[in-house]
Amino acid sequence: MAKKQQPLSHVRYSLSKMLLKGKSKPAFRWTQPKSTHPQTGLVVYNSITKSKVPFVPKDGKRVNWYGCGPTVYDASHMGHARNYITFDIIRRIMEDYLNYDLNVVMNITDIDDKIIVRTRQKHLLQKYQEQQDVLSKQAVEDVESAFFSFVKEKLGALIANISEWRTFSESTGNGKDLAFNKGDPKITMYYSAAEATSNAIKTAHENVAAGKTGKEELAALLSASEDVVALWLDKKLGSTVTEHRIFRDLAAYWEKDFFKDMDALNVRRPNVLTRVSEFVPEVVQFIQRIIDNGYAYESKGSVFFDIASFDGKKGHFYAKLEPTAKDNLRRQEDGEGSLSVHSLSKRNQNDFVLWKASKPGEPAWPSPWGSGRPGWHIECSVMASEILGPHVDLHTGGIDLAFPHHDDEMALSEAGLENHQWVNYFLHAGHLHIEGRKMSKSLKNFITIKDALKKNTARQIRILFLLSQWDSSLYYVSGSMDNAIAVERTFSNFFTNANALLRESRLKQEDSDGTHRFQGPELKLMEVLSNSKKRVHEALLDSFDTPKAMRVLQEIIAHANIYLQHGRASIDPQIVESVALYVTKIVRVFGLVNDGVGASIGWGLGSVGSDGGARVDRESIVFPVANVLSNFRDAVRDIALAGGDKKALLSLCDKVRDQDLPDLGIIIDDHSDGRALVKFADPEEIKHERKQRKAKDREERRSQLLKAMTPPKDMFRTLEMCMLYSAWDENGLPTRDNEGEHLSKRRLKRLAKEQEEQSKLHNEYLASLD
């Protein structure tokens, strides 16, 4: 259902029902920006107003855009891909299609509790491993101590040996009992780590008893118990890790890895990249400004934002994005970080930290309040304001950051700058769910981008996101890529057909026969193209409705394909070219063609300039094709000398068509008129598609094999079938339905036929075992 667009003047975001200390509070009003410059007509869904509103930049078509970047402590996953590809698509629509002048700023969070904890644990675990030469009794005892401590802290169980763990495990249904895990995925994750460690300890004891105490056995123990041992070492020795370089090195490594993933996904880099570690002096100055304005206070070396002094005072409002979450202490504490112990230092429990007093083992910078480091929310307020000034046109990020991060960030900026609308438009990308759960690095419920790219191409992943509304949840489950792959194939087939047709047409350059070919079918296709352009334009102006735009593109391709069925002698290639160039233009805007690929139809493959291509290594291009032709000629000669076996000759032709040339990106498409059409495609994509097809065939064969293993007598007696039928004859054929009624003769006949087919399948399976 379309989201209702609000009037242009003021959009009232009603908070009138919210109460503050027993008194009603004035309603927050979002002010529609105004400009004397011509506008594009773009409307966007604004998270601040919870509605679609006209997008009006403050300065003509110049757009100041701030996007939340990653916290760099681990590999990027598909949840990150959802966020950054989504806003890359929106950026490209604004930049390449609507011609906005964008200034995109993105931050890197390289000071954070997650980074500190991960750095210390990795550093201490590495040092521990270096100190151990073999699988010693002491090493096993250390892992046991870590295990008992972990089970007590994370699972609330006091155990003294592995036997007691087994008892505890059985009492919780191996961690699956809802009374135990309360549906909390973190409990399930902790249980899995504990179970893996207990199994590793058992194996280690067996290895020591058998005299197998080498480095390989030690590595196996520490690898299986890594999460548990690292936590134990950090508790004991975390305060000894004090060198800044160690923390910076880990963040720098994962920052570089993040951008490798973004490059692989064809995500444009920001115009300006900021790191919080480079803005600490500015953070200190901004915090002092907030204190001076009366909205923050110092306590025990830390500085906290005083929500009560800000919310409802001087026209300020707190939690504009999620007002109902403003008293959610758990979510606010999650935003504070795992190393925060500030509850006794705050005036109010909902107040949040701007400057953290650092403890031993935590990086620290000087400040008027003592050595410490910036809190999470303040960093974006400072860096965005430093680069973009007191107002931001557009702010983007994942929906999981709306509260507390983005709400706190807006409050801090407006408290420091004393303005009331720091951000005009807030856009939030929807969640990505994996097998029904939100993808989360902290819950270890994620697929890394690198792993995803082993299965699917960057283009296929981007198509998946284009087919889903950018601000809605997207479910990444088994088989979710099938539709994206099918859509890609539709585009690819059209592009290769169009390129081949145009190439052939220009090579022949036949003289006019005195008859024009711009008839009814051509006029109809041109009308469809014109209408499609209008519909795509309207979709993109309607809060970047890419699912609708993609549907329109598929429809115009379908019309063009119908037109192509008239045959090459009856069509006008220029009409097809017009359609192909327009579709190419839009898929380029969507980022489906890599930046830097020259202008051409489709994905930028197989296009040749008028001069045949400048500065290309002719030999490297021609030789693989010449080699195929040479091998083909040799094989044909051998067949001819042997007597000319027609079947062998046709088989050889099929091999060239189906294997040799496709490996080089050349497709020979046989047509009913007896003339083949030569097409070009990316050989890597052909190989990837072939690999995907083989994998699908293997899965189908596996499913068929599992089905074939079932004897025909048992096929209607499975648990699922027992819910449909209540009686069977001596051959296992159902005779009554689940209510005890006799089956009709027609239904019995159909079931008997299915059983007969299963009998053949099962007999073939039994024969294959001999």
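Residues numbered from 1 in each chain as written. Predicted model: local features only at pLDDT ≥ 70, side-chain atom pairs only at ≥ 80, totals over all residues. Heavy atoms only, no water.

**Considerations on the side chain of Gln 332**
Next, step 1: Here Gln 332 lies in helix α12 (residues 329–336).
Next, step 2: Relative accessible area serves as the criterion here: at 1%, Gln 332 is assigned to the buried category.
Next, step 3: Among all residues touching Gln 332, those that are not within four sequence positions of it are Ile 307, Tyr 318, Asn 350, Phe 352, His 377, Phe 403, Pro 404 and Asp 408. (Helix = DSSP H or I, 4+ residues; strand = E, 2+ residues; numbered from the N terminus. Buried < 20%, exposed > 50% of the residue type's maximum accessible area, 1.4 Å probe, protein only. Contact = heavy atoms within 4.5 Å.)

**Remarks on the state of the cysteines**
Next, step 1: Per the stated rule, a full pass over the model turns up zero disulfides.
Next, step 2: No disulfide involves Cys 68; its nearest neighbouring cysteine sulfur is the one of Cys 380, lying 4.1 Å away. (Disulfide = S-S within 2.5 Å.)

**Considering the sheet that holds strand β9 (residues 272–275)**
Next, step 1: Ordered by their spatial adjacency, five strands build an open sheet running β9-β8-β7-β14-β15, and the pairing between neighbours is parallel. The open sheet has two edge strands, β9 and β15 (423–429), and neither has a second partner. Looking at each pair of strands side by side, their axes are set apart by 20° on average, direction ignored.
Next, step 2: Across six bridges, the pairing between strand β14 (residues 392–398) and β15 is parallel. (Pairing = 2+ DSSP bridges. Axes fitted to C-alpha atoms, helices over the stretch in contact; angles between N-to-C directions.)

**As for unusual backbone geometry**
Next, step 1: With an omega dihedral of 10°, the bond running from Phe 403 to Pro 404 counts as a cis peptide bond.
Next, step 2: With respect to the secondary-structure elements, Pro 404 resides in helix α14 (residues 402–417).
Next, step 3: In the Ramachandran plot, Ser 543 falls in the positive-phi region, its phi being about 55° despite a non-glycine side chain.
Next, step 4: Looking at the element boundaries, Ser 543 is found in the loop between α18 (520–541) and α19 (546–564).
Next, step 5: Backbone geometry at Phe 544 places phi at a positive 55°, although glycine is not the residue there.
Next, step 6: Inspection of the secondary structure puts Phe 544 in the loop between α18 and α19.
Next, step 7: On the basis of relative accessibility, which here comes to 1%, the residue Phe 544 falls in the buried class.

**Some thoughts on the sheet that holds strand β11 (residues 302–305)**
Next, step 1: Spatial strand order, β10-β11-β12-β13: four strands in an open sheet with antiparallel pairing. With partners counted over all chains shown, the strands left at the sheet margins are β10 (296–299) and β13 (372–374), one partner each. The sheet shows a mean angle of 25° between the axes of neighbouring strands, taken without regard to direction.
Next, step 2: Relative to strand β12 (residues 352–357), β11 runs antiparallel, the two sharing three bridges. Bridge pairing links Phe 304 to Val 353 in β12.

**Focus: the packing of aromatic side chains**
For any pair of aromatic rings, the description rests on two quantities: the centre-to-centre distance and the angle between the ring planes.
Next, step 1: Following the criterion strictly, the structure yields 27 aromatic pairs and no others.
Next, step 2: In textbook terms, an aromatic cluster arises when at least three aromatic residues are bridged by ring pairs, as seen for Phe 147, Phe 148, Trp 165, Phe 168, Phe 180 and Tyr 191.
Next, step 3: For Lys 61, the ring lying beneath its charged end belongs to Tyr 100, and the centroid distance is 5.2 Å.
Next, step 4: The ring of Tyr 297 carries Arg 347 above its face, with NZ or CZ at 4.0 Å from the centroid. (Phe/Tyr/Trp six-rings, centres within 6.5 Å; stacked < 30°, edge-to-face > 60°. Lys NZ or Arg CZ within 6 Å of the ring centre and 35° of its normal.)

**Side note on helix α6 (residues 185–209)**
Next, step 1: For α6, spanning 25 residues, the distance from its first C-alpha to its last is 37 Å, which sits close to the expected 36 Å at 1.5 Å a residue.
Next, step 2: N-capping of α6 is provided by Asp 184, with a side-chain oxygen placed 2.9 Å from the backbone N of Lys 186.
Next, step 3: Taken from the residues just after α6, Gly 211 is the one with a positive phi, measuring 80°. (Expected span 1.5 Å × (residues − 1). Polar contact = N/O pair within 3.5 Å; in protein donor to acceptor, adjacent residues only side chain to side chain.)

**Focus on helix α23 (residues 683–708)**
Next, step 1: The first and last C-alpha atoms of α23 sit 37 Å apart over 26 residues, in line with the 38 Å expected at 1.5 Å per residue.
Next, step 2: All of the buried residues in α23 are Ile 686, His 688, Gln 692 and Ala 708.

**Focus on the packing of helix α1 (residues 78–97) against helix α20 (residues 573–589)**
Next, step 1: Packing of α1 against α20 leaves a shortest axis separation of 8 Å and a crossing angle of 125°. As summarised for this structure, α1 and α20 are arranged oblique, according to the angle between their axes. Facing α1, whose interface residues are Arg 92, Ile 93, Asp 96 and Tyr 97, α20 presents Ile 586, Arg 588 and Val 589.
Next, step 2: In the contact of α1 with α20, the residues fall into four nonpolar, no polar and three charged. (Parallel < 35°, antiparallel > 145°, perpendicular 65-115°, else oblique. Nonpolar A, V, L, I, M, F, W, Y, C, P; charged D, E, K, R; others polar.)

**Some words on a positive patch on the surface**
Next, step 1: Together, Lys 691, Lys 694, Arg 698 and Arg 701 make up a positively charged patch on the protein surface.
Next, step 2: Relative to the elements of secondary structure, Lys 694 occurs in helix α23. (Patch = residues over 30% accessible without salt bridge, like charges linked within 9 Å, V, L, I, M, F, W, Y side chains within 5 Å. Areas by Shrake-Rupley, 256 points an atom, 1.4 Å probe, with all protein chains shown as cover. Salt bridge = Lys/Arg side-chain N within 4 Å of Asp/Glu carboxyl O. Lys, Arg positive; Asp, Glu negative; His and termini not counted. Charge placed at Lys NZ, Arg CZ, Asp CG, Glu CD.)

**Description of the confidence of the model for the chain**
Next, step 1: Residues with a pLDDT of 70 or more make up 90% of the chain, whose mean pLDDT is 88.
Next, step 2: Across residues 6–23, where pLDDT falls below 50, the model places 43 contacts with residues more than four positions away in sequence or in other chains.
Next, step 3: The model gives residues 606–617 a pLDDT under 50, and that stretch makes five contacts with residues more than four places away or in other chains. (pLDDT = per-residue confidence, 0-100.)

**Side note on the environment of Ala 560**
Next, step 1: Residue position: Ala 560 is located in helix α19.
Next, step 2: Ala 560 sits in the buried class, given a relative accessible area of 0%.
Next, step 3: Leave out the neighbours within four places in its chain, and Ala 560 touches Phe 494, Leu 525 and Val 579.

**Description of the environment of Arg 747**
Next, step 1: Looking at where Arg 747 falls in the secondary structure, it is placed in helix α25 (residues 745–769).
Next, step 2: Given the relative accessible area of 29%, Arg 747 is considered partly exposed.
Next, step 3: A C-alpha to C-alpha distance of 63 Å links Arg 747 and Val 143, two positions 604 residues apart in sequence.

**Some thoughts on the packing of helix α3 (residues 137–155) against helix α7 (residues 215–224)**
Next, step 1: It is at 11 Å that the axes of α3 and α7 come closest, and there the two elements cross at 5°. The pairing of α3 with α7 is recorded here as roughly parallel in orientation. Here Ala 139, Val 140 and Val 143 of α3 come into contact with α7, specifically with Leu 218, Leu 221 and Leu 222.
Next, step 2: Of the residues belonging to the contact of α3 with α7, the class tally is six nonpolar, no polar and no charged.

**Structural notes on a nonpolar patch on the surface**
Next, step 1: Among the surface-exposed residues, Phe 518, Leu 523 and Met 526 lie close enough to one another that they form a single nonpolar patch of about 250 Å² accessible area.
Next, step 2: Along the chain, Phe 518 falls in the loop between α17 (482–508) and α18.
Next, step 3: The class for Phe 518 is partly exposed, based on a relative accessible area of 35%.

**Re the pattern of salt bridges**
Next, step 1: Tallied over the full model, the rule gives 41 salt bridges.
Next, step 2: As a salt-bridge pair, Glu 153 and Lys 235 come within 2.2 Å of each other at their nearest N and O atoms. Pair noted here: Glu 153 is in helix α3 and Lys 235 is in helix α8 (residues 226–237), with a separation of 82 residues, a long-range link.
Next, step 3: Between Arg 245 and Asp 249 there is a salt bridge, and its shortest N-O distance comes to 3.0 Å. With Arg 245 and Asp 249 both in helix α9 (residues 244–264), this residue pair falls four residues apart, about one helical turn.
Next, step 4: Residue Asp 249 is classed as partly exposed on the basis of its relative accessible area of 40%.
Next, step 5: In this structure, a network of salt bridges that share partners links the residues Asp 110, Arg 248, Glu 255, Arg 275 and Glu 278.

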